[in-house]
Every structure is written in structure tokens, then in C-alpha cells.
Protein chains: 2
Amino acid sequence: MIPESSLKRIVIAGGGFGGMELAKALRNKAYQVVLIDKNNYHTFQPLLYQVATGGLEPDSVAFPLRKVFHGAENIIFRMAEIKSVNLEEKTIVTTIGNVTFDFLVIATGSTSNFFNNRDLEYNAMTLKTVSDALNIRSLVLQNLEAALVADKKDLDALLNIVVVGAGPTGVEVAGALAEFRTHVLPNDYPELNRQAVNIYIIESDKKVLGNMSEQASDKALLFLKKLGVIPMLNVKLESYDGNIAVLSDKTAIPTKTLIWSAGVKGLVPEGLPKNVVGAGARLTINNFCQLNGFESVFAIGDVALFDSQANPKGLPMVAPVAMQQAKSVANNFIRMNKGLPPLPFKYFDKGSMATVGRNKAVVDLAFIRFQGFIAWLVWMAVHLMTLVGFRNKTIVFINWFWNYISYDRAVRLIIRPFNRK
Amino acid sequence: MIPESSLKRIVIAGGGFGGMELAKALRNKAYQVVLIDKNNYHTFQPLLYQVATGGLEPDSVAFPLRKVFHGAENIIFRMAEIKSVNLEEKTIVTTIGNVTFDFLVIATGSTSNFFNNRDLEYNAMTLKTVSDALNIRSLVLQNLEAALVADKKDLDALLNIVVVGAGPTGVEVAGALAEFRTHVLPNDYPELNRQAVNIYIIESDKKVLGNMSEQASDKALLFLKKLGVIPMLNVKLESYDGNIAVLSDKTAIPTKTLIWSAGVKGLVPEGLPKNVVGAGARLTINNFCQLNGFESVFAIGDVALFDSQANPKGLPMVAPVAMQQAKSVANNFIRMNKGLPPLPFKYFDKGSMATVGRNKAVVDLAFIRFQGFIAWLVWMAVHLMTLVGFRNKTIVFINWFWNYISYDRAVRLIIRPFNRK
């Protein structure tokens with residue numbers, strides 16, 4: 001199933017920012033690299049919220065993984081789901097059979113954490129995959145269509161949208177939905193009362209963008225309010241049954257659209273010993289990104305809890321951490337072949353940013369913080385540059401240009417309606 | 001559900017080329033127009049085959065219907081499925097309730113005709129909707145992924161592709177698949193033997209593109225052969241069980257991908273009297289596109305059988321017929337309000353064209369026929385011009401330019417895997 005090779009085999013589980021970067025860094029090196037992902041594409045998660053809100057096509061924020069590795073003879077891609085890992089036998093069990101490894105790098109990322117609330121898990125929308133984004137897009141539009149012919153009593157639930165969690169994803173999706181309401185809704189649905197469409201953002205912390213500077217948080221809150229989003233801070237979601245969101249202060253918001261971005265956890269494959277799973281269901285790793293106690297098993301990115309005195313909660317679950325860890329691990333694999341000792345991983349924090357809407361973004365860098373139009377331009381430039389592929393860059397740029405001059409969100413087709421399973 | 005109005009109400013069933021054009025022509029005229037479609041978008045069917053073969057995003061060959069009618073106060077769009085028509089009560093029954101009409105225009109188009117072969121209907125892929133196109137794209141790619149890890153005995157069925165019917169759709173999809181095999185497959189799947197991927201086109205007639213000139217047919221056949229498609233003429237599909245296609249000459253071709261483009265029929269709503277349904281399940285209409293025997297009910301486009309001595313089989317099921325009929329019907333509605341008698345519909349045949357691949361198209365006009373590179377440029381120009389929306393035109397142009405210079409088909413993501421229900 002995997003061609004035999006005289007080279008040592010590195011299996012990479014997951015083709016996200018970490019897994020893809022690692023495989024790229026091992027291109028044409030003296031290892032056989034087997035990259036496994038359940039999708040045949042890499043997802044550029046930071047722009048998923050624009051797919052969910054009609055600003056971009058799904059195909060421009062994803063990239064075929066096979067294309068990344070054209071001509072790299074030592075890299076083998078397999079589309080498969082990973083069922084479990086057997087560390088004793090150095091084998092992973094997948095939907096296409098067993099794959100043995102000499103080294104394993106777990107780069108499986110993270111998934112939504114519903115904190116064991118089954119009702120919430122069943123009824124909430126999430127925004128981690130391309131399918132999630134398409135489902136949100138369909139649901140929002142389907143509810144607007146339904147609102148046109150609904151009984152008055154059902155109208156509030158169809159029109160209200162609740163975003164839970166005011167991290168970057170929550171803030172970005174709430175802002176984009178507010179812009180959709182302002183610029184698209186009145187033209188597309190003149191029969192609906194725009195004022196009746198409320199967009200709430202719920203956050204248990206006392207501020208939005210809790211991981212950014214005070215300055216960025218304050219400004220982002222101001223931007224959200226300017227766009228007409230209703231922020232509700234210091235309050236938690238208590239329950240959601242698909243029709244009514246009840247908050248910890250007993251506020252009840254009727255809504256059929258609740259987007260959950262308030263918690264993530266590591267997506268740990270089955271079969272690993274319990275003692276390597278730490279806070280947030282993430283795998284505890286040492287300074288070389290090795291799974292504690294297992295020299296030939298590594299973990300990088302969201303699924304990894306990089307354990308050091310400086311970061312008791314691990315590093316942030318963002319793309320730069322995954323990519324930097326990928327480069328460090330790749331470099332150590334190359335050093336190993338040269339008989340050199342591994343170098344410990346050091347995270348270089350380049351800063352963080354988030355966008356709330358048109359001309360409205362916040363940027364925290366090491367020595368400078370800024371917000372507004374320039375921040376928004378920087379945000380766009382950074383995201384355009386990091387998008388994979390020239391075609392995707394071009395298409396996204398044209399869409400952004402078009403959206404900016406037309407105030408439109410052109411990609412609002414309900415192609416495969418969302419149906420709860 | 002539909003706002004009351006003092007104007008006479010025209011209900012248009014279907015937002016395809018006919019229905020959309022008709023509603024556009026009635027913009028701000030003295031009628032209340034209710035346009036009903038099961039999708040919230042218009043589909044540009046002539047380019048669906050490029051979505052199916054990874055050349056274009058689904059969102060660039062579809063256009064939100066609401067956007068077409070911005071600011072047109074007399075036009076109301078409703079997303080609904082039409083269940084049946086009650087001509088006595090002048091009402092249509094839909095998934096969102098009953099809608100009454102003063103005039104009804106049936107523009108429901110056509111659907112695949114499997115000639116009561118249930119096995120074929122269940123197992124074959126079709127190419128009439130955006131979902132169909134995405135399903136073909138997913139299935140072709142899923143089968144290639146599966147081929148990498150399949151037993152040798154299953155390999156042929158996974159790699160062979162059979163297209164049945166050599167009309168424009170069949171020819172275009174077979175040609176595009178052949179180009180995918182030549183330019184994408186060797187790079188993406190170096191482990192697969194390209195020679196083992198066979199693309200067949202099956203046609204019961206003695207030539208391909210039977211409705212075009214001899215010259216165009218001959219050249220298209222030559223183009224198909226050049227691209228490595230295996231044409232099988234004068235032969236019919238006898239059965240297909242999802243694994244083996246058996247032809248009338250008893251040839252058996254193992255394949256898990258059979259694309260059916262050999263028959264269409266009118267998509268006639270329930271509840272109409274049997275005597276108005278003619279050849280090909282199409283509605284027989286008079287010279288004014290009125291349903292025979294019903295003055296206030298019209299039919300246009302694929303679903304209509306325009307009855308005249310000159311066209312015993314009706315007019316071709318193509319966009320120009322639907323659009324010209326729409327304009328004629330709209331004009332007669334406007335004349336009616338002025339107390340003028342209706343004018344009979346006359347079809348102006350502008351010619352026809354089809355593309356087989358890169359630099360390879362055939363064009364039949366009234367006074368000139370040409371094939372090859374110039375025909376291909378003309379084909380592209382005509383399709384770009386008729387695409388709805390500036391954004392779509394731009395994105396399609398960039399994709400085509402990109403595909404041309406890179407020989408790539410960039411949109412090859414399996415976003416929602418195809419699963420037979």
C-alpha cells in the first residue's frame with residue numbers, strides 16, 4: 001500500500017499548517033515521508049470565516065495537498081482517516097489499512113470543545129473545516145429564506161444569530177455577519193426588517209480577543225459595536241437546544257443559528273497512553289517536540305502542549321507555532337542523519353492580529369500596536385502572502401477588491417442545503 | 001406569504017435561462033412577478049462540465065437570483081420546490097405553501113431521462129446541476145485515491161471512465177477528463193499508470209455531436225481521438241450495475257464512473273392534464289408559447305415543445321431558445337396591457353458550438369463553419385459574455401488564463417465526498 005523504501009519512514013499524521021510545512025521541509029531529504037490526511041487538501045483556516053459569510057469561494061482557501069508535493073519522490077500522500085496509534089508496534093491504523101513507521105509526527109490539530117454538552121454539540125455550528133464554513137453559509141441563507149414565509153412567532157429565532165466566544169474566529173465571523181446584514185440583506189431581502197436581525201457575541205471573559213493587548217481588545221470591542229454587533233461580556237452560554245440560547249445570567253435568546261467558537265481541544269488519536277495527554281487534551285512534548293517518554297514520536301501544532309516553565313498552558317493554538325515547530329522537527333531529522341544532536345525548539349512570537357470588518361483590524365507586534373485601516377491592510381497583506389498557491393492568491397485578491405468596491409458578498413449560493421443529521 | 005398587490009400576478013416556475021430572462025424583461029412592468037426556484041441561484045449549465053473536471057469553482061458558474069432583481073419592486077423571489085399545479089384553481093402547490101396566479105409560465109427545464117432503467121438511474125452520474133458537477137469531481141478523485149491502495153482486480157473499474165451520449169455535454173466532459181488525465185494525473189498520481197486510465201464515449205448514433213454539421217462532427221471526433229478518448233459509435237448502453245457497463249454489442253467495460261448524458265426529458269410539474277404532454281415529456285405549446293387549451297398558462301425553454309410544421313420534435317433544448325421565448329412571452333404580456341394582440345414566437349437560430357479541449361472547438365454558424373483554435377476562442381468569448389455578473393466573468397477569465405498557461409485544473413478538492421444514498 002505504501003511503496004517499500006530503504007530509507008527510514010517518517011509518518012506525518014495531518015496536513016495542516018504543521019504537517020504540510022514539515023513534509024515540505026523534508027522534500028528530497030533522506031527519509032521516506034508518508035503524509036496522511038482525511039482530506040486531499042490543506043485548509044487555510046484563518047479565512048474560513050469569509051467562506052462562511054459569502055466573501056470567498058471554498059476552493060480559494062484550500063489547496064490540493066498532492067500539488068504541494070509535485071516532483072518530490074520521497075513524499076507519499078495518502079487520503080485516510082487515522083483510527084488509532086500503536087506505539088509498541090510502531091504502526092498507525094487507518095481507514096486504508098495499517099501503516100508502519102520509524103518516526104511518527106502527530107500533527108492532527110484541534111477540534112471544537114463542547115465540554116461534554118451533548119445538546120450544544122448537536123445543535124451548534126462550528127468553524128474548523130471547509131464543510132463547517134459551507135454549512136454556516138447555507139444555514140444563514142436558508143433561515144433568511146424561511147423568514148420570508150414564517151409565522152411571526154418563529155421570526156426571532158430565524159433572524160437572530162449568536163456567536164459564542166470572542167477569540168479571533170468569533171470576532172471575525174460576528175463582524176463579517178454584521179457587514180452582510182448592512183450591505184447585502186437590504187438589497188437581497190427588502191421584505192425583511194434589518195433591525196430584527198440581531199448578531200450577538202457572547203464571551204465569558206470581561207473583554208474580547210482576550211489573548212491580545214488591552215488596546216487591541218478595546219478597539220475591537222468598539223469596532224464590533226460600530227458594526228452593530230451586540231457584545232455580551234462576563235457571561236457564559238448555559239444551554240442551547242437548537243431554538244433558544246440560555247446564558248448564565250438567564251437571558252434567553254431565540255436563535256436557530258449558534259456558532260460555537262468558545263473552546264477547542266487537541267484532536268488526539270486513539271491508542272496513546274493517558275499520561276501523555278495534558279491540559280486541553282493536548283499531547284505533552286519535551287523541548288524537542290518529542291512525546292514525553294517516546295523518542296521516535298513527535299507532536300506539533302495545536303495538538304501539542306509544549307511544556308516549559310514559561311508556558312504552563314502550552315503555546316497558542318495558531319499557525320505560526322505549528323509551522324515553527326515543523327521546521328524545528330524537520331531540522332532535527334536532518335541533523336540526526338548527519339549524526340548531530342537535536343536542537344531544542346524556541347518559539348518566536350511575531351505578534352497577533354484580527355480583523356473585525358472593512359477598514360477595521362487590530363495588530364499587536366512586539367514593539368508596536370495599531371488598529372484601524374493600516375492594521376486592516378497589514379492583515380490582508382499577511383494573509384494574502386501566506387495563502388498557498390498563486391492562483392488562490394489572485395482569486396482571493398480579486399474577491400477582496402470586488403467586495404471592497406461593491407460592498408457585496410457575492411458567493412451566497414445554497415449549493416448543498418444544510419441538514420442536521 | 002406573497003405580498004398582496006393590485007397588479008395581475010405572473011408566477012414563473014423556474015429560474016433557468018428562460019425563467020430568469022422573462023423576469024428580467026418584466027422588471028418594473030405593470031405585473032407582480034413571482035419567480036420560484038428550488039435553488040437561490042441561477043445555474044450557467046454550459047460550464048458545469050468544467051466544475052465537474054476541476055477547471056472552475058462551482059460559485060463562478062452560478063449566480064444568486066436575488067441579486068439579479070435588486071431594486072425591482074414588482075419582482076418577488078421565493079426559494080421553493082413546486083409540488084403540483086392546479087389549473088382550475090389557478091394555484092401552484094409548493095413546499096412553502098400555495099401560490100395563486102393570474103398567469104403561469106412553466107420554465108422548469110429538463111432532467112435526465114433514464115428510459116425507466118432503475119439500475120442505471122441509481123448508479124449513473126448526471127451533469128445537470130451544480131451538485132451533480134461536484135459529485136462527479138469528488139467521485140473521480142475519490143476513485144483515484146482508492147486506486148492507490150486497491151487490489152489489482154478492482155483497479156480497472158476505479159480507473160475507467162465511461163461517458164454515455166456524445167452530444168455537447170458528453171463530448172465536453174470526455175474531452176476535459178482526457179486533458180485532466182494528460183496534465184494533472186501524472187503529477188498528482190505518479191504511482192498510477194496513466195495508460196490504465198481509459199475514457200470511453202459511447203454513442204448510439206453513427207457520429208458525435210449529431211445535431212451539428214458533418215464537418216463539426218468529424219472534427220470533434222478527430223479532436224476526441226487526439227486527446228486519447230476512446231469513441232464507441234453505433235452502440236448503446238445496455239446495462240450498468242455500478243461496476244460494469246455492458247453495451248449492446250456485449251462489450252463489458254469495468255467502471256465505477258459512468259456519466260449519463262444520453263437523454264433528457266421535460267421536467268413537467270404534477271397536476272397538468274395528460275393531453276398537453278407531448279414527445280420527450282415536453283409540454284405542447286402554440287405559437288404564443290401558451291399551453292395548448294390554456295390561455296393563461298405558458299411554457300418556455302426545455303420543458304416546452306414548440307409545435308409547428310417545421311419542428312415536429314420541437315426546438316433544440318438549449319439556452320437561446322429559452323431566452324428568445326422568454327422575451328417573446330414578456331413582450332406579449334406588455335402588449336396585453338396596452339390592449340395589443342400577441343405576436344407569435346419565431347426562433348432565430350444563431351448556430352451552435354461545442355468545445356473538446358484546449359484549442360479544440362467546433363462552431364456552426366448560419367453561413368460559416370470553422371473548427372480548431374479560432375473556434376475555441378469564439379467559444380470562450382461567447383461563454384464569458386453570456387455568464388451572469390462581472391465578478392463571475394473575471395474569476396472565470398482568470399481561471400481559464402491560469403489553466404491555459406499552467407495546464408492545471410486547480411480546483412480538485414474533495415470537499416464533501418460523494419456517497420451514494
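Anything mentioned here points back to the structure above.
Residues numbered from 1 in each chain as written. Chains lettered and ligands numbered in written order. Predicted model: local features only at pLDDT ≥ 70, side-chain atom pairs only at ≥ 80, totals over all residues. Heavy atoms only, no water.

## Regarding the overall build of chain A
Counting secondary structure elements, chain A contains twelve helices and 24 strands. In terms of overall dimensions, chain A is globule-like: its C-alpha atoms have a radius of gyration of 22 Å, near the 22 Å expected for 421 residues. Seen along its three principal axes, the alpha-carbon backbone of chain A occupies a region of about 70 × 40 × 40 Å. Burial status across chain A gives 57% buried among its 421 residues. A fraction of 64% describes how many contacts in chain A between residues 6 or more apart in sequence connect residues 24 or more apart. Looking at chain A as shown, the accessible area adds up to about 17600 Å², and 54% of this sits on carbon and sulfur atoms. Each charge class in chain A was averaged separately, 45 positive and 35 negative side chains, and the resulting centres sit 5 Å apart. (Helix = DSSP H or I, 4+ residues; strand = E, 2+ residues; numbered from the N terminus. Rg over C-alpha atoms; globule rule 2.2 N^0.38 Å. Buried < 20%, exposed > 50% of the residue type's maximum accessible area, 1.4 Å probe, protein only. Contact = heavy atoms within 4.5 Å. Areas by Shrake-Rupley, 256 points an atom, 1.4 Å probe, with all protein chains shown as cover. Lys, Arg positive; Asp, Glu negative; His and termini not counted. Charge placed at Lys NZ, Arg CZ, Asp CG, Glu CD.)

## Here we look at unusual backbone geometry
One non-glycine residue, Asn28(A), lies in positive phi territory at about 60 degrees. Looking at the element boundaries, Asn28(A) is found in the loop between α1 (17-25) and β2 (31-37). Taking relative accessible area as the criterion, Asn28(A) reaches 56% and is therefore assigned exposed. Even without being a glycine, Lys90(B) presents a positive backbone phi close to 50 degrees. Inspection of the secondary structure assignment puts Lys90(B) in the loop between β6 (82-86) and β7 (91-94).

## Section: empty space enclosed by the protein
Summed over the entire model, instances satisfying the criterion amount to eight cavities of 30 Å³ or more. In this structure, the largest cavity spans a volume of roughly 260 Å³. At the level of elements, α2 (48-52), α7 (168-183), β22 (352-357), α11 (373-386) and α12 (390-406) of chain B are the ones that each hand at least two residues to the lining of the largest cavity. Forming the boundary of the second largest cavity are 15 residues, of which Leu134(A), Ile415(A), Leu134(B), Ile415(B) and Arg416(B) lie nearest the centre. (1 Å grid on protein atoms, 1.4 Å probe; cavity = no way out; pocket = protein on both sides within 12 Å on 5 of 7 lines; lining within 4 Å. Points joined across faces, edges and corners; volume = space filled by probe spheres on them.)

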